[in-house]
Structures are given as structure tokens and as C-alpha cells.
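Here's the letter readout for the chains.
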Amino acid sequence: MIGWQAGRYFDQMPVAILNVNQTRTKNALFPFTQTINKIIPNTFSQTSHSKYNFKTGVHVFRHDLIKWNADDNICDNLPPNLKKATLHTAHGDTPIYVHNPSEDIHVSGSLVRSRTWEPHLLNLMAGHLRKDPELQFIDLGANLGVFSLAMAKFGRQVIAVEPLSINLHRFCASIKAGKLTEKITIVYNALSDKRENVSLGIDRRNVGGTYIVNNKNMNKVKGSSVGGQYKDIVMTAKLDDILKLPGFDFKKVIIKMDVEGYENFVLNGGQNFFDQVDVQAVLMEWMWQRSGNLEDTKCIQLAISGRRQRRF
């Protein structure tokens, strides 16, 4: 095994861990390396999005306590004078709408200054997708949509999960401006291991640091400059619910996960997902899970447990 946390709990597990160091964050890529001779057949809804009337053209679904609902109202009547920037990728430039850089100094600031955000990670993801034309992309915690837009520009189908309305206003505008409506499906929920209404906390001057307000998310609260809450009250869905997302037929995927300390809850709600979908790799922010104790490593164990059971 390669990289950080190469301790006695992981040295026999079929996963390689590659750390990618950045100025502010620490991320880990978990490529699942064992050979799988048989994949459990997917049992997803094959309903086409064409049956739904998305008045804005952007495909948006929300999960309530019971089922999925087509609902692109978040993309309608967008705020005026949204700030437009350009996202540069190896596959071409595409428009991206951002926050005021003084209010979102990291992601929006970087996009305005240099037309990119975390280009080394974008290239890393694209490199994995390039190896297999059947691989699609799932973005958990899409924020402004940098990774989703880049992978859609690369030509892959994308499911992007994002709960914050001010991010979705800009993401919707970017999808339409880039003519990527047939490539990206938005899930307008937060993710957890149960369905409930949650509040979203403010990370000062860092909209990308938005987090679920929960007394179990104390690593995030203690490690950030948090203050107050957004007006948004959003319903959580489970990663397993994506299996029944209308039109979902992904067989093999790469996942990017940036959920600000909620990784354990997200993965705990996706045990069937990992059984039924061939997850080739997970890129996740690691800074809230790096204390090294067994509780913090639970997210890795959950992610690979289904894959080990599927080895024939």
C-alpha cells in the first residue's frame, strides 16, 4: 500500500492510498486494485429523462422522505448579474459562474485569477477516466461544479450532488452556458446515512467549506472559521438512493467526495451502492479524517468492504 495512514489496519487491504498535498487541504485517492471477475447486475431505473419536463433544460432531482422528484426550480429565475469566469481544462474551456472572490477566496478566487482550481486533481481524475471509456463520474459535494464541468467537458456522464442554493444558482448557469445539459444531472440534496432535514453551516470566506450542522461533525467545526448558518434547510438522501435515480445506469464510476467532515455518514449510507456499482476510485478530502484512530478510518473500511465481498 502507498501513502498516508499506511498502518497495521490497512496493510493487507486491497486498496492503494495516494496522498495529494495542497496549500490548504489534504486529499487521498483510493483506487480499488483487486481483480473482479463478476459484477453483480445493476437493478436501476431505466426511465429516460426525456419524460420529465425540465423547464430550464437542466436535469435536477430531489429526494424526499420516500422517492425522487424532478424539480429544476432552483435553476429558474436565477439572481441577476452573476459573476462569470472561465474554467480551463485539458479538454477545452467552459464558462463557470462564481461567487465574489472576496467572499469565496479559495475556489472563486482561484478561478478568477487563474481560470482553474486544483488542476492537478482534475488531470488525475481525467487520467483515470481516459483508461476506460465506460467509466462515468459522480461528484459528491459539487460546490460550483468545477470537477463536474471538467469531466462533462471530457465527454463523460456526470451526477453532481450539491445542497447549497447559492452554489446551485451558479452551477445551473454554468451548465446552460457550456451546453452541458445532456451530460450533467444535479441531485439537490445533502448526503447522509438517514433521511432528515438539516441546516448548512457557514465557513467564513470559503463557500466551498459549507458543512452539515451536526454535533457529530465537530472536527470540521473545530478546524474551520465557522460562523452562522445559511437559510437553506435541505433534505438528506443516501448514496444508496442514487441507485434508483431516474435514468441511472452507471456500471463503473469514479467518485470525488468533498463533504466537509461527513464522509463516514455518506459512506455508511452507501453500502448497497458499493455492492452494485463498480467503483474504480474515490478521491476524497482527508483533512477531517486524519487523526489516525479507528473511528476515523471507518470510512475506508466501509468503502472497501463491499468490494472484498464481491471478489470471486
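Residues numbered from 1 in each chain as written. Predicted model: local features only at pLDDT ≥ 70, side-chain atom pairs only at ≥ 80, totals over all residues. Heavy atoms only, no water.

Draft legend 1. Focus on the overall build of the protein. Looking only at helices and strands, the protein has eight helices and 15 strands in total. With 312 residues in all, the protein has 58% of them scored as buried. Partitioning the intrachain contacts of the protein with sequence separation of at least 6 by distance along the chain shows that 71% fall at a separation of at least 24. Of the accessible surface of the protein, which amounts to about 13,500 Å², a share of 47% is contributed by carbon and sulfur atoms. (Helix = DSSP H or I, 4+ residues; strand = E, 2+ residues; numbered from the N terminus. Buried < 20%, exposed > 50% of the residue type's maximum accessible area, 1.4 Å probe, protein only. Contact = heavy atoms within 4.5 Å. Areas by Shrake-Rupley, 256 points an atom, 1.4 Å probe, with all protein chains shown as cover.)

Draft legend 2. Spatial organisation of the sheet that holds strand E12 (residues 211-212). Strand order in the open sheet made by the four strands is E10-E13-E11-E12, with mixed pairing throughout. What marks the edges here is a single partner per strand, and that holds for strand E10 (190-191) and E12. Where strand E11 (residues 197-203) meets strand E13 (residues 226-237), five bridges bridge the pair, whose relative direction is antiparallel. Bridge assignment links Val198 to a residue of E13, and that residue is Val234. (Pairing = 2+ DSSP bridges.)

Draft legend 3. Seen up close, the pattern of salt bridges. Going through the model one piece at a time under the given rule, you end up with eight salt bridges. In this structure, the salt-bridge partner of Lys252 is Glu134, at a minimum N-O distance of 3.6 Å. Of this pair, Lys252 sits in strand E14 (residues 252-257) while Glu134 sits in the loop between helix H2 (119-130) and strand E7 (135-140), and the two are 118 residues apart along the sequence. You can call Lys252 buried: its relative accessible area is 18%. (Salt bridge = Lys/Arg side-chain N within 4 Å of Asp/Glu carboxyl O.)

Draft legend 4. Layout of the state of the cysteines. Per the stated rule, a full pass over the model turns up one disulfide. Across a sulfur-sulfur distance of 1.9 Å, Cys75 and Cys172 are joined as a disulfide pair. Every disulfide takes its handedness from the sign of the S-S torsion; for Cys75 and Cys172 that torsion is -40°, giving left-handed. In this pair, Cys75 is assigned in the loop between strand E4 (68-70) and strand E5 (83-89) and Cys172 in helix H4 (residues 165-177), connecting sequence segments 97 residues apart. (Disulfide = S-S within 2.5 Å.)

Draft legend 5. Spatial organisation of H4. A rise of 1.5 Å per residue sets the reference length of H4, with its 13 residues, at 18 Å; its end C-alpha atoms lie 18 Å apart and thus fit the reference within 8%. In terms of residue burial, H4 counts as a mostly covered element, since 10 of its 13 residues are buried. Among the residues making up H4, those that are buried are Ser165, Asn167, Leu168, His169, Arg170, Phe171, Cys172, Ala173, Ser174 and Ile175. Each element contacted by the buried residues of H4 is listed here: strand E6 (92-98), helix H3 (146-153), strand E8 (158-161), strand E9 (184-187) and E13. Count one or two residues on from H4 and you reach Lys179, which has phi positive near 55°. (Expected span 1.5 Å × (residues − 1).)

Draft legend 6. Inspection of helix H1 (residues 107-114) at higher detail. When H1 is considered as a whole, its buried residues turn out to be Val107, Ser108, Gly109, Ser110 and Leu111. Along its buried surface, H1 packs onto E5, E6 and H3. Positioned one or two residues after H1, Arg115 has a phi angle of 65°, which is positive.

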